[in-house]
Amino acid sequence: MDKLVIEGGRPLNGEVAISGAKNAALPILFSALLTDGPCVYHNIPYLRDILSTIELLETLGARCTFEGRTVTIDAGGMCCHEAPYDLVRKMRASILVLGPLMARLKQARVSLPGGCAIGARPINLHLRGLERMGARIELSHGYVETSVDKLRGNAIYFDVVTVTGTENLMMAATLAEGTTILRNAAREPEIIALADVLRRMGARISGDGSEEITIEGVDRLTPVETTIIPDRIEAGTFVAAAALTGGDVTVTHCDTRHLGAILHKIRLTGAVLDILPDQVRVRSEGRITSVDIKTQPYPGFPTDMQAQFMALMTVGRGLSMVSETIFENRFIHVSELQRMGADITVSGDTALVKGVPHLSAAPVMASDLRASASLVMAGLVARGQTVVNRVYHLDRGYEAMEEKFKRLGAAIWREKG
Ligand code: EPU
């Protein structure tokens, strides 16, 4: 298994370009199943989760190519409606196949994703929504089997705001009979990006970006060519890393409208930010002021930035209260940060981080994507040589992270294992 080795203590300087957003690309790639011709997607990040998605789409009978940053998917020959365990277990977001399969083939057999390191992550709201649209649902042998004669639009209320749940039902509703209204829907930029693509395919969707999304079903959707939005979590990670190490970094090719809560909090730490629509310059002396955060659905502070922000707080001046309200087990990075000398106390969904003057390098290991990013950040400021094991988690969701940090002046390299 590959590992990353980091010699801490170097400030970051220069420019870093942000890649396309993983969590926008995944539902948009699955949406190709709603059409029967070639869809062309640009600015796709080269990530393990994208390769897993392509493998799944090919298993269903779609023809896919991935050249440069462009993916082409032709689902004209889609013949299969099963997402097998071996693919779903590699990537939970495989559940996004459910909505498109139900819309196009009226049946689906998808392995239940199960829990993951950060929480139980049920899919009950995806299933309840499909049921409201007339689907029959059975669970057997670890699979969810759904079928319907004709999906019919209905009003669907989400008890909890769910991103992929909103995306799945939005996709299912595009080809349903009648009107679907999604209430308490997710408002993430990735939802709007998917709605934009679906509209360009011919779908009739309004209200995306608000809590109520209306979808009027149409008979058919047509292929599109489109470009994926920038990754707001990757951008936030580099902004936080620059604030942490000190230095002068310009994060380019991002959409700063999507970074509101993150930039607000980083500014409160004392880092100086110059914000333009598609880039942000971060200047920092390194030792920042502690700030509290509480994760919330968008436009609140994203759970996907919590671990990285906590890494920043480990060397803050003062106390920081980090509350995680989205996932019940998303503090797995805490014990690894503690091994690097961080002073953190966890009680329920809250971590109290008391800033220390410096971290001390150690071999560490993480069991999810964003936790890995936080450990890399910690390694960038720790005294000595940090080894981050199980880098495959990072490769799921950060494109060429070590190359990007290296170009900013970090001493970081990969050791193959
Ligand atoms: N939930 C339910 N029932 C459901 C669905 C969700 O109770 O049917 C709960 C979850 O257990 C959780 C909350 O609702 O407590 C929110 O989960 P959500 O469904 O929004 O998460 P997701 O759609 O599975 C996406 C991202 C995650 C990100 C979350 C929250 C993708 C592919 N994944 O997951 O990204 O953390 O939204 O913003 O978009 C990551 O990129 O590292 C990542 C984990």
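Counting starts from 1 at the beginning of each chain's written sequence and moves along it residue by residue. The predicted nature of this model means local features are confined to residues of pLDDT at least 70 and side-chain atom pairs, given and counted, to a pLDDT of 80 or more, with totals for whole chains, interfaces and linings taken over all residues. The side-chain quantities take in all heavy atoms of the structure and omit both hydrogens and water.

Remark: nonpolar core denotes a set of buried residues (Ala, Val, Leu, Ile, Met, Phe, Trp, Tyr, Cys) joined through side-chain atoms within 4.5 Å. Buried means the residue's accessible area, taken with a 1.4 Å probe over protein chains only, is under 20% of the maximum for its type, while exposed means over 50%, and partly exposed covers the values in between. If you look at the biggest cluster of nonpolar residues, it comprises 76 residues, and the most contacted ones within it are Y41, I73, V97, V110, M170, L182 and L198. In terms of residues, this core owes the most to one element, helix α7 (residues 189-201), which gives seven residues. The residues touching V97, leaving out its near neighbours within four places in the chain, are F30, L33, L56, L60, A83, V110 and N168. Only runs of H or I of at least four residues qualify as helices and only runs of E of at least two qualify as strands under DSSP, and these elements are numbered from the N terminus. By definition in these notes, contact holds between two residues if any of their heavy atoms fall within 4.5 Å.

What follows covers the domain arrangement of the chain. For the chain, the domain assignment lists domain 1 (3-19 + 230-415) and domain 2 (22-227). Note that domain bounds follow an automatic or database assignment of domains. For domain 1 and domain 2, the distance between their C-alpha centroids amounts to 30 Å. Opposite the 23 residues of domain 1 that make contact, domain 2 presents 20 residues. By definition, the buried area sums, over both parts, the 1.4 Å-probe accessible area that each loses when the two are put together. For the pair domain 1 and domain 2, the summed buried area comes to about 1,800 Å², and 52% of that belongs to carbon and sulfur atoms. What counts as a salt bridge is simple: a side-chain nitrogen of Lys or Arg found within 4 Å of a carboxyl oxygen of Asp or Glu. Here domain 1 and domain 2 share three salt bridges between them. Between R232 and E190 there is a salt bridge, with its nearest N and O atoms 2.8 Å apart. Per-element tally for the side of domain 1 that touches domain 2: the top contributor is helix α13 (residues 392-397), with four residues. Ten residues, namely Ala, Val, Leu, Ile, Met, Phe, Trp, Tyr, Cys and Pro, are considered nonpolar, four, namely Asp, Glu, Lys and Arg, are considered charged, and the remaining ones, Gly among them, are considered polar. When the residues that make up the side of domain 1 that touches domain 2 are grouped by side-chain class, the tally is eight nonpolar, five polar and ten charged.

On to the sheet that holds strand β4 (residues 63-67). Here we have four strands laid out as an open sheet, ordered β4-β5-β3-β14, and mixed in their pairing. Only two strands of the sheet have a single neighbouring strand rather than two, namely β4 and β14 (225-227). Each strand axis lies, on average, 15° off the axis of its neighbour in the sheet, ignoring direction. Strand direction decides the pairing type here: strand β3 (residues 38-42) and strand β5 (residues 70-74), joined by four bridges, are antiparallel. Within β5, the residue paired with C39 across the bridge is I73. Against the sheet, helix α2 (residues 48-59) makes contact with β4 and β5, and its axis sits at roughly 155° relative to β4, the strand it touches most. Whether two strands pair comes down to DSSP finding at least two bridges between them. Axis angles are defined between N-to-C directions and span 0 to 180 degrees, where every axis is a line fitted to C-alpha atoms and, for a helix, only to the segment in contact.

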